[in-house]
Each structure stands twice: as structure tokens, then as C-alpha cells.
Amino acid sequence: MSFDFPSELLSVQVELVQAKADLAEVYAALPWSVEELQGWSRAKETGGGYYESHRPDSPGWSVAEQQQVAELRARVLELSERVVTHEFWSTCDDAPVARSALKHATAEAPDPA
């Protein structure tokens, strides 16, 4: 099934994909805990669990890192809202299929900039 997506909707979807990727990249570079916490190491036999578990000490996130995450999360939310509430969806007979098609249409889209 093919859909004639408005260029603005395609552009916002591309921005959303990029914002999510940016947020994931930031998360991957940050310590595992927002606040300073002591790490741990548990072996299967001593921890009573089903698997080994280990986390190094976390220095926590700086104020700047917390702000960066907050800004990126707000951007993802704002772009998500713009995609979901776009007037195009009211013209679709099958919005879930169209939404999936939009994601695939922009998966390999060139950078809008």
C-alpha cells in the first residue's frame, strides 16, 4: 500500500528519527545512574540470582548532562506530538498501516539539512 505523505510530515518524521538517535547516543555515553551511586558485583552462587551482575561506581550526571538529556527528551516529545497529531492522519482509512509506512519511508531518507 502506498501513501502520499505531505512533505512536512516526512520532514518531521526524519527529525524525530534523528532526535531519537541523538538521545540514544547521549544515553550510551553517560554513566548508568543519574545520581552518584556505588557499583556492585554479584556472582550467581553468592547473589542468589539467575545470572551474574556487575555495575561500576557511577559518578552521576553533571547538571549540564541532565540538561542535555532533558532538552533532547523534550525535542523527541515535541516531534512525536507533531507526527501523531498531523492532519494527514484524519485523511487515512488505515492510519496504523500508514504510520508504519511513514517509518519505513523515512528510515533511509537523506538528511533534510
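Residues numbered from 1 in each chain as written. Predicted model: local features only at pLDDT ≥ 70, side-chain atom pairs only at ≥ 80, totals over all residues. Heavy atoms only, no water.

### Some details on helix H1 (residues 7–29)
Residues three or four positions apart in an α-helix share a direction because the helix packs 3.6 residues into each turn.
Here is step 1: When the terminal C-alpha atoms of H1 are compared, their 33 Å separation across 23 residues agrees well with the 33 Å that a helix rising 1.5 Å per residue should span.
Here is step 2: For H1, the elements touching its buried residues are helix H3 (63–84) and helix H4 (95–107). (Helix = DSSP H or I, 4+ residues; strand = E, 2+ residues; numbered from the N terminus. Expected span 1.5 Å × (residues − 1). Contact = heavy atoms within 4.5 Å.)

### Quick look at the packing of aromatic side chains
Here is step 1: Inspection of every chain in the model, using the stated rule, returns 5 aromatic pairs.
Here is step 2: One aromatic cluster is present, built from ring pairs that chain together Phe3, Phe5, Phe88 and Trp89. (Phe/Tyr/Trp six-rings, centres within 6.5 Å; stacked < 30°, edge-to-face > 60°.)

### Examining the environment of Leu79
Here is step 1: Mapped onto the secondary structure, Leu79 falls in helix H3.
Here is step 2: Relative accessible area serves as the criterion here: at 0%, Leu79 is assigned to the buried category.
Here is step 3: Put simply, Leu79 and Phe3 are 76 residues apart on the chain and 21 Å apart in space, counted from C-alpha to C-alpha. (Buried < 20%, exposed > 50% of the residue type's maximum accessible area, 1.4 Å probe, protein only.)

### Overview of the pattern of salt bridges
Here is step 1: Counted according to the given criterion, the structure contains 4 salt bridges.
Here is step 2: Salt-bridge contacts for Arg82 lead to Glu8; the nearest nitrogen and oxygen are separated by 3.7 Å. Placement of Arg82 in helix H3 and of Glu8 in helix H1 is noted, with a sequence separation of 74 residues between them.
Here is step 3: Note on Arg82: relative accessible area 32%, which makes it partly exposed.
Here is step 4: A salt bridge links Glu78 to Arg82; the shortest N-O distance between them is 3.5 Å. Taken together, the residues span about one helical turn, with Glu78 and Arg82 both in helix H3 at a distance of 4 residues.
Here is step 5: Residues joined in a network through salt bridges with shared partners are Glu8, Glu15, Arg75, Glu78 and Arg82. (Salt bridge = Lys/Arg side-chain N within 4 Å of Asp/Glu carboxyl O.)

### Description of the packing of H1 against H4
Here is step 1: Running from N to C, H1 and H4 cross one another at 70°; their axes reach a closest spacing of 9 Å. Classed by the angle they form, the pair H1 and H4 counts as roughly perpendicular. For the crossing formed where H1 meets H4, the hand is right-handed. Two secondary-structure elements touch here, H1 through Leu9, Leu10, Gln13, Val14 and Leu16 and H4 through Arg99, Leu102, Lys103, Ala105 and Thr106. (Axes fitted to C-alpha atoms, helices over the stretch in contact; angles between N-to-C directions. Parallel < 35°, antiparallel > 145°, perpendicular 65-115°, else oblique. Left-handed = near helix turned anticlockwise from the far one by under 90°.)

### Points about the nonpolar core
One broad trend across soluble globular proteins is that nonpolar side chains are buried collectively.
Here is step 1: Within the largest apolar cluster, 20 residues are counted, with the highest numbers of intra-cluster contacts made by Phe5, Leu9, Val83, Phe88, Trp89 and Ala98.
Here is step 2: Elements with a contribution of two residues or more to this core: H1, H3 and H4.
Here is step 3: When residues of this core are assigned to their parent elements, the largest contribution, 6 residues, is made by H1.
Here is step 4: Leave out the neighbours within four places in its chain, and Leu9 touches Val83, His86, Phe88, Trp89 and Leu102. (Core = buried A, V, L, I, M, F, W, Y, C linked by side-chain atoms within 4.5 Å.)

### Comments concerning the packing of H1 against H3
Here is step 1: Axis separation between H1 and H3 bottoms out at 9 Å; the angle between their running directions is 155°. It follows that H1 is roughly antiparallel to H3 by the angle criterion. Crossing of H1 over H3 shows left-handed handedness. For the pair H1 and H3, contact is made by Glu8, Leu9, Val12, Gln13, Glu15, Leu16, Ala19, Lys20, Asp22, Leu23, Val26 and Tyr27 and by Gln68, Val69, Leu72, Arg73, Arg75, Val76, Leu79, Ser80, Arg82 and Val83, respectively.

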